[in-house]
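Here is how the chains run, residue by residue.
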Amino acid sequence: MPRPRTPLSRLFTVLLAGLLAGLVLAVAALPGNLLAGFATKAALGAYDDLPAALRTPATPQRSYVYANDGRTLLTTFYDVNRSDVPLAEIAPVMRQAIVAAEDRRFYSHGGADLRGIARALVANVTGGDTQGGSTLTMQYVRNVLKSDPNRTAEERQAATEQTVGRKLQEIRYATELENQLGKDEILNRYLNIAYFGSGAYGVAAAAQRYFGKAPADLTLGEAALLAGLVQSPDEYSPIDGDAEAALVRRGYVLDAMRDTGVITQEQADRARAEKLTLRPTAQPNGCVATRTADAGFFCDYLRRWWLEQPAFGETPQEREQALRRGGYSVVTSLDPDVQATAVKEARRVYADDEKRALPIAAVEPGTGRILAMAVNRQYGVADGQTVNPLISGGGSIEGYQAGSTFKLFTMLAALESGRTLSTGFDAPSRLPTRYAAEGEGSCDGRWCPANANPERMDGYRMMWDAFGRSVNTYFVWLAEQVGQDKVVEMAQRLGITFRAESDASFAANDAADWGAFTLGVAATTPLDLANAYATVAAEGTYCTPTPVESVTAPDGTRVPVGEPDCERVLSQDVARAATDAARCPVGQQSAFGQCNGGTASGVDRIVGRPVAGKTGSSEKNATETFVGFTPQVAVAGIAANPDDPSDAVGGPVQSQVIAAVARTIRTAVDGEPVRGFTAPSRDLVGDMRRPEPPRPSPAPTEPSPEPSIPPDLLRWLQNRRG
């Protein structure tokens, strides 16, 4: 079908006709080889003078984001939906169809088909059908220059202006390209940049968009239809435009292919009779379109990570452009199975439309790779959805109180200071401290924390059973002995970030007086918490969380990003000692037989292999937390209302949170070798002998003004004072 003529196109053709009027008559009868030679001499330039984009294509391509198996597509990022493919992966009928439709003399001209230009000029000036006269090579030049991301908007616009100067420049560039590149290379470049309508740039995107298949699998009828779209892609698109016009145009292409001898009349008739069968496939774009296991929150974390990487540009804007136009292949750290389990478990606790949430994060110890980021909410901007980073924090999400899980940092600081796992204290129901306080929780003007379950928690405790039973007064006492600032510093060393302004202020200015820190009053996130416990699982090696395993550029080179960034922040022995005590909460036994009760004893049964962890309940059960780890994975989940901290999730949900995290751990280690924990040295164990309670002395047979104190009672009293 002819293009509609506009006043601008008429003016352009008249001007160009006047400039080349003598050329029209002179070249009309020249043989093709002389025309090609003429065009070559007309190039008036050298290959090195061509724009860089024509020498080395810089056309925008979409970036692909995969799970850690390298096959499961999570999403793509693009401004322009296109992806380059080699000519060998494009069906021969597609190559033949585009040549027949757009440039029948492609293999005989030298880049600028002067006969075609002359014919188009005559037709345009004399009032016939408007003809472009542009070869495939000239069209390629125009497409590259108008989409080159390295050119300014004005330069890209100039590439399509209807001027004599632009047309002559196009001829010059096309001719010089043909001097340097083979026909197949030019055809391949053209097929990878041409616009086929419905948002599809390049034949790979078009084949996927219209037929849901690779370009190598296109049939004759499908290829002819796609080739016909190039002349007027928006008008002919069978999805967004006129499907009948697309079929008429398909018939034209089939006839052209018959006329050039690449197909027979019978083949053309058979293809023409085919019913148009479309399988429209929308290419996902961005995090709201993730395909796998509700990975939108992970995708969002990946994008924010990407924008911080200097390897992709000097500014966040350049890095965003690189993601959307650079054609990268990103293999992330996300494990589809672990992610699917975590999502399932979060939604088993809370529905996706519930105000309360259970964000869960899983991290690989020793690498920092994030295996899962799940929550019962849906990622998106529609009603009932959210794009807030509920799992990793940031923006308006400061985090959630994680309760007694912070006791780990007190234990680590104590062990590092030279105390042993056998450090004992007769933990009372309430412990008056040196910190001033008023109202509830105070004793005579002092902060006076209490044990949640005195019957199970009060009494003489060492680190093992104090951690296993989560004895508040023991750990508040221990933090006072060590120094609260040392505990806060330990948490920061393991990656706990204080996003709340009040928490950051306390940490910077009043850490030594932050008495309640060990009880988990600072806001944190499941990702920070999982990574902190992963540091202990990795025997003291902290790794910066990373969402990728590899990033590959379009030319196949590996971008130097995403490698584990790790450092030792704890001695192996200290980490091993803390792990030994962390066996107690989950129903397992320490290497020294000192566990005698735990707050998450069912974890042992669910995981079925060596595991450690800790529960946490914030004040009045506003949040409920569990963190568990093996040598291969650390998983944290925090039940909370992200929008209303005063909305308490309640104590009964703790068992569900524990089970959700434990099942996620089980999936993560399924099929992995069973690995145990290494016991700490005896230097950090200490004297495990527990003092016996005082026994009443037998009644004296005669008065004694100064009764002696039995040695075991004296030792018990001394420990009580200590």
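Residues numbered from 1 in each chain as written. Predicted model: local features only at pLDDT ≥ 70, side-chain atom pairs only at ≥ 80, totals over all residues. Heavy atoms only, no water.

(A) Quick look at the sheet that holds strand β13 (residues 548-552). One open sheet holds the four strands; their spatial order is β2-β1-β3-β13, and the pairing between them is mixed. The open sheet has two edge strands with one neighbour each: β2 (73-77) and β13. Put simply, the sheet's adjacent strands are angled 15 degrees from each other on average, direction ignored. Summarising the sheet, strand β3 (residues 329-332) and β13 pair through four bridges and their orientation is antiparallel. Of the residues in β13, the one forming a bridge with Ser 329 is Thr 552. (Pairing = 2+ DSSP bridges. Helix = DSSP H or I, 4+ residues; strand = E, 2+ residues; numbered from the N terminus. Axes fitted to C-alpha atoms, helices over the stretch in contact; angles between N-to-C directions.)

(B) Spatial organisation of the nonpolar core. Membership of the largest hydrophobic core comes to 108 residues, with the highest contact counts inside it found for Phe 409 and Tyr 474. Among the elements that take part in this core, helix α25 (residues 526-537) stands out by supplying eight residues, more than any other. By size, the runner-up hydrophobic cluster in this structure holds 61 residues, among which are Phe 106, Leu 187, Ala 227 and Met 257. (Core = buried A, V, L, I, M, F, W, Y, C linked by side-chain atoms within 4.5 Å. Buried < 20%, exposed > 50% of the residue type's maximum accessible area, 1.4 Å probe, protein only.)

(C) Structural context of the confidence of the model for the protein chain. Taken as a whole, the protein chain shows an average pLDDT of 87; of its residues, 86% reach a score of 70 or greater. Predicted confidence is poor over residues 700-722, with pLDDT under 50, and the contacts of this stretch with residues over four places away or in other chains come to 13 contacts. (pLDDT = per-residue confidence, 0-100. Contact = heavy atoms within 4.5 Å.)

(D) Layout of the packing of helix α5 (residues 92-102) against helix α12 (residues 220-229). In contact at an axis separation of 8 Å, α5 and α12 are set at 40 degrees when each is read in the N-to-C sense. As for the relative orientation of α5 and α12, their crossing is right-handed in sense. Touching Val 93, Met 94, Ala 97, Ile 98, Ala 101 and Glu 102 of α5 are Leu 220, Ala 223, Ala 224, Leu 226 and Ala 227, all from α12. When the residues that make up the contact of α5 with α12 are grouped by side-chain class, the tally is 10 nonpolar, no polar and one charged. (Left-handed = near helix turned anticlockwise from the far one by under 90°. Nonpolar A, V, L, I, M, F, W, Y, C, P; charged D, E, K, R; others polar.)

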